[in-house]
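# An overview of the molecular structure
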Amino acid sequence: AYEMSASLVGSEMCIRDRIRLWQRRRPTVLFITHDVEEAVLLGNRVVELADGRLMGLHPVDLPYPRDPTAPSLLRHRRAVLDRLLQESSDQEPPR
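Residues numbered from 1 in each chain as written. Predicted model: local features only at pLDDT ≥ 70, side-chain atom pairs only at ≥ 80, totals over all residues. Heavy atoms only, no water.

## As for the overall build of the protein
The helix and strand inventory of the protein stands at four helices and four strands. What you see in the protein, going N to C, is helices and strands ordered as β-α-α-β-α-β-β-α. The buried share of the protein, taken over its 95 residues, is 27%. Summarising the internal contacts of the protein: among those between residues at least 6 apart in sequence, 43% fall at separations of at least 24. Carbon together with sulfur atoms contributes 53% to the accessible area of the protein, which is approximately 7000 Å² in total. (Helix = DSSP H or I, 4+ residues; strand = E, 2+ residues; numbered from the N terminus. Buried < 20%, exposed > 50% of the residue type's maximum accessible area, 1.4 Å probe, protein only. Contact = heavy atoms within 4.5 Å. Areas by Shrake-Rupley, 256 points an atom, 1.4 Å probe, with all protein chains shown as cover.)

This is the structure in structure tokens:
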């Protein structure tokens, strides 16, 4: 298993390099990112964590390589963002 933190991902490896690595070796990889687009583009699951607890799980059942402009990928991105925004508004104190 590999873990690729945001610092490694952002500075040393571009997305295409990470996809090639995964395609060659097929390891289990845990990408940790705050970037929803990157998570949907690279992952087969997007896991939402808050305070160390699992808050949501969104499967991304699209074939690789993925086109970041494909409508199907954009629908997954929107679904994850909608969930995050819903969770955020649920936690806001009433006015």
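Now, onward.
## What about the environment of proline 63?
Following the sequence through the fold, proline 63 ends up in the loop between strand S4 (53-59) and helix H4 (71-91). Take proline 63: its relative accessible area is 62%, and that puts it in the exposed class. The sequence separation of proline 63 and asparagine 44 amounts to 19 residues, and the corresponding C-alpha distance is 9.2 Å.

## Some points on the pattern of salt bridges
All chains considered together, the criterion is met by two salt bridges. In this structure, the salt-bridge partner of arginine 78 is aspartate 82, at a minimum N-O distance of 2.9 Å. Note that arginine 78 and aspartate 82 are positioned in helix H4 at a spacing of four residues, about one turn of the helix. Under the relative-accessibility criterion, arginine 78 is labelled partly exposed at 42%. Accessibility expressed as a relative area gives 36% for aspartate 82, which makes it partly exposed. (Salt bridge = Lys/Arg side-chain N within 4 Å of Asp/Glu carboxyl O.)

## Side note on unusual backbone geometry
The omega torsion of the bond from tyrosine 64 to proline 65 falls at -10 degrees, within 30 degrees of zero and hence cis. Position of proline 65 among the secondary structure elements: in the loop between S4 and H4.

## Here's the deal with the nonpolar core
Formed by Val36, Ala39, Val40, Leu41, Val46, Val60, Leu62, Ala70, Leu73, Val80 and Leu81, the largest nonpolar core amounts to 11 residues. Of all the elements in the fold, those that place two or more residues in this core are helix H3 (36-42) and H4. Ranked by residue count, the leading element in this core is H3, at four residues. Excluding its chain neighbours within four sequence positions, the residues that come into contact with valine 36 are Arg77, Val80, Leu81 and Leu84. (Core = buried A, V, L, I, M, F, W, Y, C linked by side-chain atoms within 4.5 Å.)

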